[in-house]
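Reading the structure
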Amino acid sequence: MPEAPKSDVVTENNKQVLHFIEEVTTNADEIQKKVLAEILTKNAHVEYLQRHGLNGHIDRENFKKIMPAITYEDIQSDITRIANGDKSQILCSQPISEFLTSSGTSGGERKLMPTIEEELARRSQLYSLLMPVMSQFVPDLEKGKGMYFLFIKSEAKTPGGLPARPVLTSYYKSPHFKNRRPDPYTNYTSPNDTILCSDSYQSMYSQMLCGLCQNKEVLRVGAVFASGFIRAIRFLEKHWPLLCHDIRAGTINSQITDLSVREAVMKILKPDKNLADFVEAECSRDSWQGIITRLWPNTKYIDVIVTGTMSQYIPTLDYYSNGLPLVCTMYASSECYFGVNLNPLCKPSEVAYTLIPTMGYFEFLPVHRNNGVTNSISMPKSLNEKEQQELVDLVDVKIGQEYELIVTTYAGLYRYRVGDVLRVAGFKNNAPQFNFICRKNVVLSIDSDKTDEVELQNAVKNAVTHLMPFDAHVTEYSSYADTTTTIPGHYVLYWELNVNGSTPVPPSVFEDCCLTIEESLNSVYRQGRASDKSIGPLEIKIVESGTFDKLMDYAISLGASINQYKTPRCVKFEPIVELLNSRVVSNYFSPKCPKWVPGHKQWNNMN
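Okay, so let's go over this structure. (Residues numbered from 1 in each chain as written. Predicted model: local features only at pLDDT ≥ 70, side-chain atom pairs only at ≥ 80, totals over all residues. Heavy atoms only, no water.)

Describing the overall build of the chain
Heads up, the condition is: Each helix is a run of DSSP H or I of at least 4 residues and each strand a run of E of at least 2, with the numbering of both proceeding from the N terminus. Only protein chains enter the area calculation, which uses a 1.4 Å probe; residues under 20% of their type maximum are buried, those over 50% are exposed, and those in between are partly exposed. Only heavy atoms enter the contact rule, under which two residues are in contact if any of them lie within 4.5 Å.
Each helix and strand in the chain was counted, giving 22 helices and 22 strands. By residue count, 56% of the 607 residues in the chain fall in the buried class. For the chain, the share of sequence-separated contacts (at least 6 apart) that also reach a separation of at least 24 residues comes to 71%.

See the structure below:
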């Protein structure tokens, strides 16, 4: 990295960025109108807009009246044409430069999102907002480095020759990242060559080695998702003897065969017996509690996504870090980069992202949780005319209301339903701030029941309290709607445990966990169990330690990105179910039906 900029330059840059945030959030609606007009002006003659009869209109009113809100399936044939090499202006007037692959679904299908060259600059701009915001809360970050575990994936090519790769692989391989100007926020312990190594083992090993060698300079640590950072700590647990050997000898393990990685690491690695002894002493202690602050003593916070289902990792992160602040800095997806967290030291449960109005044109569809009958979020694939008219603009959302996010981008997505459910937490000037709630339609279903991601997580959270007296906790979990091995079908939860207590957990306790989960689920599920008998008893399967690491390795072998990988909370893909079942060590069923009484919950509360 070149020499970092002087502090007065950093301060001036921070002021300009904070002024930019003030300006765009104050004038949010005017900017949104301008963004939409720009997108529609640039793409006025593209086939997709002509097909729907927009006829060159660039105003919001006609756009809303004429253009439908869509899902991926609605444009899949257009995407396929572009992927197969059709260079006509189908979705966008500018050439599609590559496809960004979404993190996929529980069924294993990955979506291709079109993008254009200029989007890289827009993404880079959002990254440039992060450090000035953070510096308001944590001073002197420019005086040290970040130890971030960042990874790429070897990319695919479409039949037409366009790259198809995860959004972060695209960004890390771009000149915007590789040739970035000196910036305290992107001054990492990992040299670019270690991040750009496509072998995940070599990349992880070399990044960890560099992070240990510069341990006193590290002021912040992180990864994209909490799960990725915990995977790095578990990698250290497994490989610290090899890493200590390399630090002591000033050499790199022979398993690291990538020459550019070896060369980059050797610029940092020097024989250091004292550091090796220190790392060895800390890693060989009985407890790994506080290992992050022990090995990297100047660390001020952990920068990872812990919203949504990632919140289950908070206790593990607290354990490894002695309760360092957990910071979620930005909200982004393959479709579009959206916004930043302007209060980064807030509690994980209070994280709210301010959408930056220049990034795209945003609309919001109110989410109604099945009229209050259940907690599940079930959104129709296509919207009727009334629902279409319910869409509201960025500045018109209401505090406390949940919405599905809909985006129009510079790269050829028009009123595209992203699939994220957000709740309005407040406003920064005129720009709303959103809590991320969940992905819509990630559900378990046997009959007429539908259980979403949030509901499942809350149920598991309630159940694991039974394990506390035995000093045991669930480190990872997933679920499956088993409709083949039993009639009626039933929910299966796969739990990987960490048991520290000396007393084994009795089978009756796991049965209590099963029943607690069922008691925590919605009334339609409980009716199916207790009255209709359309759902069988819930089952918990305990799997061997390391099972979910195997699951991640399998997903990566199929083409998932290590950066974007999230443990699927509900699985449908048969090979994944087979993998999980092959590692089951014991299983338990709910001993009786959960409580259920007819009527709406609010009516029953009046009795």
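Structural notes on the packing of helix H11 (residues 226-249) against helix H13 (residues 273-283)
Rules: To define axes, lines are fitted to C-alpha atoms, for helices over the stretch in contact only, and angles between the resulting N-to-C directions are given on a 0 to 180 degree scale. Every angle not falling under 35 degrees, over 145, or within 65 to 115 is termed oblique; those three ranges are roughly parallel, roughly antiparallel and roughly perpendicular. Put simply, a crossing is left-handed when the front helix is turned counterclockwise from the back one by less than a right angle, and right-handed when it is turned clockwise. Classification used: nonpolar for Ala, Val, Leu, Ile, Met, Phe, Trp, Tyr, Cys and Pro, charged for Asp, Glu, Lys and Arg, polar for all others including Gly.
Relative orientation of the contacting elements H11 and H13 amounts to 165°, with a least axis distance of 8 Å. Relative to H13, the element H11 lies roughly antiparallel. Between H11 and H13 lies a crossing whose hand is left-handed. Contacts between H11 and H13 pair Trp240, Cys244, Ile247 and Arg248 from the former with Lys273, Leu275, Ala276, Asp277, Val279, Glu280 and Cys283 from the latter. Tallied by class, residues from the contact of H11 with H13 come to seven nonpolar, no polar and four charged.

With respect to the pattern of salt bridges
To keep things clear, this is the line we draw: The term salt bridge refers to a side-chain nitrogen of Lys or Arg lying within 4 Å of a carboxyl oxygen of Asp or Glu.
Following the criterion strictly, the structure yields 30 salt bridges and no others. In this structure, arginine 248 engages aspartate 277 in a salt bridge whose closest nitrogen and oxygen atoms are separated by 2.6 Å. One end of the pair, arginine 248, is in helix H11; the other, aspartate 277, is in helix H13, with 29 residues separating them in the sequence. With its nearest N and O atoms 2.9 Å apart, the salt bridge here joins glutamate 402 to arginine 423. Note that glutamate 402 is positioned in strand S14 (residues 402-408) and arginine 423 in strand S15 (residues 416-428), a separation of 21 residues in sequence. Take glutamate 402: its relative accessible area is 9%, and that puts it in the buried class.

Observations regarding the pairing of strand S1 (residues 98-101)
Quick note on the threshold: Strand pairing is assigned whenever DSSP identifies at least 2 bridges connecting the two strands.
Residues Glu98 and Leu100 of S1 are buried on one face, and the alternating residues Phe99 and Thr101, pointing to the opposite face, are buried as well. Relative to strand S2 (residues 112-115), S1 is paired through four bridges, and the arrangement is antiparallel. Each residue of the ladder has a partner; that of glutamate 98, found in S2, is threonine 115. For S1 and strand S5 (residues 163-165), the ladder comprises two bridges, and the chain directions are parallel. Its bridge partner being in S5, phenylalanine 99 is matched across the sheet by alanine 164.

Quick look at the nonpolar core
Definition in use: Put simply, a nonpolar core is a bunch of buried Ala, Val, Leu, Ile, Met, Phe, Trp, Tyr and Cys residues held in one set by side-chain atoms that sit within 4.5 Å of each other.
Ranked by size, the top nonpolar core spans 152 residues in total, and within it Phe229, Ile292, Phe362 and Phe364 carry the most contacts. Looking at this core, the element that brings in the most residues is H11, giving eleven residues.

As for the packing of aromatic side chains
What counts is decided by this rule: Under the pairing criterion, centres of Phe, Tyr and Trp rings, with the six-membered ring standing for Trp, must be within 6.5 Å; the plane angle then separates stacked pairs below 30 degrees from edge-to-face pairs above 60, leaving the rest tilted. In this analysis the charged atom, NZ for Lys or CZ for Arg, is taken to sit over a ring once it is within 6 Å of the ring centre and within 35 degrees of the ring normal.
For the coordinates displayed, the defined rule picks out 22 aromatic pairs. Ring geometry for tyrosine 148 and tyrosine 188: centres 5.3 Å apart, planes at 55°, overall tilted. Placement of tyrosine 148 in strand S3 (residues 145-148) and of tyrosine 188 in the loop between helix H8 (175-178) and helix H9 (192-195) is noted, with a sequence separation of 40 residues between them. With respect to class, tyrosine 148 is no different from tyrosine 188; both count as buried. With a centroid separation of 4.7 Å and 20° between ring planes, the pair formed by phenylalanine 510 and tyrosine 588 is classed as stacked. Pair noted here: phenylalanine 510 is in helix H18 (residues 507-520) and tyrosine 588 is in strand S22 (residues 584-589), with a separation of 78 residues, a long-range link. Neither residue differs from the other here; phenylalanine 510 and tyrosine 588 are each classed as buried. Linked through ring pairs, Tyr127, Tyr148, Tyr171, Tyr172, Phe177, Tyr188 and Tyr337 together constitute an aromatic cluster. Cation over ring: arginine 122 sits above tyrosine 410, and NZ or CZ is 3.7 Å from the ring centre. Above the face of the tyrosine 477 ring, arginine 569 is positioned so that its terminal group lies 4.6 Å from the ring centre.

Some details on H18
We apply this condition: Here the expected span of a helix is defined as 1.5 Å times the quantity of residues minus one.
Compared with an ideal rise of 1.5 Å per residue, which puts 14 residues at 20 Å, H18 spans 20 Å between its outermost C-alpha atoms and is within 8% of the ideal. Considered for burial, the residues of H18 that qualify are Val509, Phe510, Cys513, Cys514, Leu515, Thr516, Ile517 and Glu518. Where H18 is buried, its residues meet helix H17 (453-463), strand S20 (490-499), helix H19 (523-530), strand S21 (539-543) and S22.

Regarding the side chain of asparagine 215
Note that asparagine 215 resides in the loop between helix H10 (200-213) and strand S6 (218-225). Look past the residues within four positions of asparagine 215 in its chain and what remains in contact with it is Leu275, Phe278, Leu295, Trp296 and Pro297.

Considerations on the sheet that holds S22
Across the sheet, four strands lie side by side as S19-S20-S21-S22; this open sheet has mixed pairing. A strand with exactly one partner marks an edge of an open sheet, and here the two such strands are strand S19 (472-482) and S22. On average, each strand axis in the sheet is inclined to that of its neighbour by 25°, with strand direction left out of account. As judged from the five bridges shared by S21 and S22, these two strands associate in the antiparallel manner. Bridging across to S22, lysine 541 finds its partner in asparagine 587.

Let's talk about the sheet that holds strand S8 (residues 326-327)
The sheet built from four strands is open, its strands ordered S3-S6-S7-S8 with parallel pairing. Strands with a single pairing partner mark the edges of an open sheet, and in this sheet they are S3 and S8. Relative to S6, S3 runs parallel, the two sharing four bridges. Across the sheet, residue lysine 145 finds its bridge partner in S6, namely valine 218.

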